[in-house]
Amino acid sequence: MSLNEITWKDLSRYRGELMGAAILFIVLFHVELPRNDAFFGLRRCGNIGVDMFLFLSGLGLWFSWVKTPSFKQFYKRRLLRIFPAWLIMSSLYYIPRFNGQTGSVIDLIGDITINWDFWLHDELTFWYIPAIMMLYVWAPPYMWLIQKSPSWRWLPVLMLVWCICVQWVIPIHQAVGHIEIFWSRMPIFFLGINCGEWVRTEKKMEKGAWGLLILTFLATASACIYLEQVRHGRFPLFAERMIYIPLTISLLLLLAKLFLYTPIWLNSICSFLGTISLELYLIHHHFVMVYISPYHLGYWPTFLLTLAAAVPLAWLLHQLIKRVMP
């Protein structure tokens, strides 16, 4: 394959590696760093790992849907992929923290099953799980709709408008503004579904697209790093997440091209991390890093020790679920 050739299929060919890179970005984002550190802005941009996951998830869902356009099969597969790992880890997290005298059993069950305090109160522990489960609920009707009428592929543009309304239209903000972190991630997920057809049909870009791709990445990455480094806390985060959209797509295409030339061992490591990315997400922050951070070992030692401890645990959880589930 030519270096000058940009093929959307690369996102599928290196999907595992890209998922692995995404979870590494998220772990780096969760490691604490002083506000005045020169790396602070770049570290904050590790949050884009969530957007990478959502876009790649959308791509994968389109492949699955085109192969078997069944609502029943779709929901069954997604439930079996996410819910067992989530149920185990949410039980381990919420049950020990439950106070029988002041807490509500119904609230405990709601948190363990769907993390409903995220929807009710913007409780951000494991917020990605209820968010992705809700997106999975909406994905099949959307994919069915765009198959019947492709014009509906423009719907993510209206989602951008909705994000603005959530932030600044007061009645809407008062009603659902507390879960802005969910609304601002919707467009990238459905754009991933839209781009799934380009990946499936192996659509290629003309050679001249390289200039636009690199310009898009540099412009959006620079903007996000500046906003986080210089103006962190002084702007609504949803605005930066709108910049994440072109940044995510350009970054994924560039990383996919990079993985074409990186050593096999590095690709294998990233692909392995991608395989256990869900379990690693559930384990690394609240079960590992929380016990390492108080020692204040420094940014990179904390990151490396977290990985060293969390990866084996994530792999064991992944293997356990593979053995138990049909």
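In what follows, the structure referred to is the one given above.
If you're wondering where the values come from, they're calculated on a predicted model, not measured in any experiment.

(A) A look at unusual backbone geometry. In the Ramachandran plot, Asp122 falls in the positive-phi region, its phi being about 60° despite a non-glycine side chain. If you trace the backbone, Asp122 turns up in the loop between α7 (116–121) and α8 (128–148). The class of Asp122 is partly exposed, set by a relative accessible area of 28%. Located in the positive-phi region is His296, a residue other than glycine, with phi close to 50°. When you line up the elements, His296 lands in the loop between α16 (277–292) and α17 (299–324). With a relative accessible area of 68%, His296 lands in the exposed category.

(B) How the structure looks around the packing of aromatic side chains. Per the stated rule, a full pass over the model turns up 29 aromatic pairs. Ring centres 5.6 Å apart and planes at 75° place the aromatic pair Trp86 and Phe126 in the edge-to-face group. With Trp86 in helix α5 (residues 71–94) and Phe126 in the loop between α7 and α8, the pair connects residues that are 40 residues apart, well separated along the chain. We note that Trp86, like Phe126, is buried. These aromatic residues form a ring-pair network of at least three members: Phe53, Phe118, Trp119, Trp127, Tyr128, Trp138, Trp162, Phe182, Trp183 and Tyr281. Taking NZ or CZ as reference, Arg43 lies 5.6 Å from the ring centre of Phe29, over its face.

(C) Representation of helix α2 (residues 15–30). An ideal rise of 1.5 Å per residue puts 22 Å on 16 residues; α2 measures up with 23 Å between its terminal C-alpha atoms. For α2, the tally of buried residues reaches twelve of 16 residues, placing the bulk of the element in the interior. The set of residues buried in α2 consists of Glu17, Leu18, Met19, Gly20, Ala21, Ala22, Ile23, Ile26, Val27, Leu28, Phe29 and His30.

(D) Representation of the packing of helix α12 (residues 186–200) against helix α14 (residues 237–259) within the structure. Where α12 meets α14, the axes come as close as 9 Å, and the angle between the chain directions of the two elements is 35°. Note on packing geometry: the crossing formed by α12 with α14 is right-handed. Between α12 and α14, the contacting residues are Pro187, Ile188 and Leu191 on the first element and Ile245, Thr248 and Ile249 on the second.

(E) Structural detail: the nonpolar core. Formed by 101 residues in total, the largest nonpolar core has its most connected members in Leu11, Ile129 and Phe189. Of all the elements, α14 adds the most residues to this core, at twelve residues. Aside from chain neighbours lying at most four places away, what touches Leu11 is Leu18, Phe55, Leu56, Leu59, Val199, Leu252, Leu253 and Ala256.

Rules used throughout
Residues numbered from 1 in each chain as written. Predicted model: local features only at pLDDT ≥ 70, side-chain atom pairs only at ≥ 80, totals over all residues. Heavy atoms only, no water. Helix = DSSP H or I, 4+ residues; strand = E, 2+ residues; numbered from the N terminus. Buried < 20%, exposed > 50% of the residue type's maximum accessible area, 1.4 Å probe, protein only. Phe/Tyr/Trp six-rings, centres within 6.5 Å; stacked < 30°, edge-to-face > 60°. Lys NZ or Arg CZ within 6 Å of the ring centre and 35° of its normal. Expected span 1.5 Å × (residues − 1). Axes fitted to C-alpha atoms, helices over the stretch in contact; angles between N-to-C directions. Left-handed = near helix turned anticlockwise from the far one by under 90°. Contact = heavy atoms within 4.5 Å. Core = buried A, V, L, I, M, F, W, Y, C linked by side-chain atoms within 4.5 Å.

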